[in-house]
Amino acid sequence: MARKSVLLAEDEDGIAIALEYLIAREGYDTRRVADGQSALDAMEEAPPDLVVLDVMLPHRSGYEICQIIRRTEELKGVKVLMMTARGGEVERRKGLALGADAFLTKPFATADLKAQIRALLGGEGGCINDSG
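Residues numbered from 1 in each chain as written. Predicted model: local features only at pLDDT ≥ 70, side-chain atom pairs only at ≥ 80, totals over all residues. Heavy atoms only, no water.

- The protein chain has the name Response regulator receiver protein in an unreviewed UniProt entry, where Rhodovulum marinum is given as its organism.

## A closer look at the overall build of the protein chain
Move 1: Each helix and strand counted, the protein chain has five helices and five strands in total.
Move 2: Counting from the amino terminus, the protein chain carries its helices and strands in the arrangement β-α-β-α-β-α-β-α-β-α.
Move 3: Expected size for 132 residues packed as a compact globule is a radius of gyration near 14 Å; at 13 Å, the protein chain falls within 12% of this value.
Move 4: Considering the protein chain as a whole, with its 132 residues, one finds that 42% of them fall into the buried category.
Move 5: Restricting to contacts in the protein chain with at least 6 residues of sequence separation, those with at least 24 account for 58%. (Helix = DSSP H or I, 4+ residues; strand = E, 2+ residues; numbered from the N terminus. Rg over C-alpha atoms; globule rule 2.2 N^0.38 Å. Buried < 20%, exposed > 50% of the residue type's maximum accessible area, 1.4 Å probe, protein only. Contact = heavy atoms within 4.5 Å.)

## Concerning the UniProt feature "modified residue: 4-aspartylphosphate" (unreviewed entry) in the protein chain
Move 1: In the numbering used here, UniProt assigns the feature "modified residue: 4-aspartylphosphate" (unreviewed entry) to D54.
Move 2: Tracing the backbone through its elements, the reader meets D54 in strand β3 (residues 50-54).
Move 3: Residue class for D54 comes out buried when judged on its relative accessible area of 3%.
Move 4: Not counting residues up to four positions away in its chain, the partners in contact with D54 are A9, E10, D11, G62, M83, T84 and K106. (UniProt positions renumbered as here; feature names shortened; annotations may be inferred.)

## Focus on the pairing of strand β2 (residues 29-33)
For a regular strand, side-chain orientation follows a simple rule: the groups alternate between the two sheet faces.
Move 1: Across five bridges, strand β1 (residues 5-9) lies against β2 in parallel orientation. Of the residues in β2, the one forming a bridge with S5 is D29.
Move 2: Since β1 and β2 lie parallel, the crossover through helix α1 (residues 13-25) that links them has a hand, and here it is right-handed. (Pairing = 2+ DSSP bridges. Right-handed = clockwise from strand over helix to strand, strands pointing away.)

## Some remarks on the packing of helix α2 (residues 36-45) against helix α3 (residues 62-71)
Any two packed helices are characterised by the angle at which their axes cross and by the distance between the axes.
Move 1: Orientation of α2 relative to α3, taken along the N-to-C sense of each, is 20°, at an axis distance of 10 Å. Taken together, α2 and α3 sit at an angle that is classed as roughly parallel. In the crossing of α2 with α3, the sense of the turn from one axis to the other is right-handed. Where α2 abuts α3, its residues G36, A39, L40 and M43 lie against I65, I68 and I69.
Move 2: Residues belonging to the contact of α2 with α3 are distributed by class as follows: six nonpolar, one polar and no charged. (Axes fitted to C-alpha atoms, helices over the stretch in contact; angles between N-to-C directions. Parallel < 35°, antiparallel > 145°, perpendicular 65-115°, else oblique. Left-handed = near helix turned anticlockwise from the far one by under 90°. Nonpolar A, V, L, I, M, F, W, Y, C, P; charged D, E, K, R; others polar.)

## Re the packing of α1 against helix α5 (residues 110-122)
Move 1: Two numbers describe how α1 lies on α5: the axes approach to 11 Å, and their chain directions differ by 50°. The angle between α1 and α5 falls in the class oblique. Remark: the crossing between α1 and α5 carries right-handed chirality. Judged by residue contacts, L19, L22 and I23 of α1 engage T110, L113, K114 and I117 from α5.
Move 2: Its residues placed into classes, the contact of α1 with α5 shows five nonpolar, one polar and one charged.

## Quick word on the nonpolar core
Move 1: M43, L53, I65, I69 and M82 are the most contacted members of the largest nonpolar core, which has 22 residues in total.
Move 2: Looking at this core element by element, the count peaks at five residues for α3.
Move 3: Apart from the residues within four sequence positions on either side, L53 is in contact with A9, G62, I65, C66, V80, L81, M82 and M83.
Move 4: In terms of nonpolar packing, the next biggest core, distinct from the first, is built from 18 residues, L19, Y28, L50 and L113 among them. (Core = buried A, V, L, I, M, F, W, Y, C linked by side-chain atoms within 4.5 Å.)

Right, here's the structure in full:
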């Protein structure tokens, strides 16, 4: 069985490096892009099983990317985990309303991220919508 793939869309290098390492250590094939347009290009090239999507990205926002994913037939099966440093309930609700499968607020515990990814990709049930 092929390994599940994760596309990480995060423009802050420090965060991206840590998340990429963490996701790869969990056994997923991981690709990283630093802006919204690159995320769309990467998904067109090879749709991932999951997109870990920062809300605030250059060129196209995470919200816009999430909407495009949900409108595109070839990407409808892609799971979306949105994350943002803006911790408000409005941002979380907006992301989920636009079709995100889950939403985490930065900073979050690495255990929460790992559990969320496993829940979305591994079918382990349960949904952590926010690290609270």
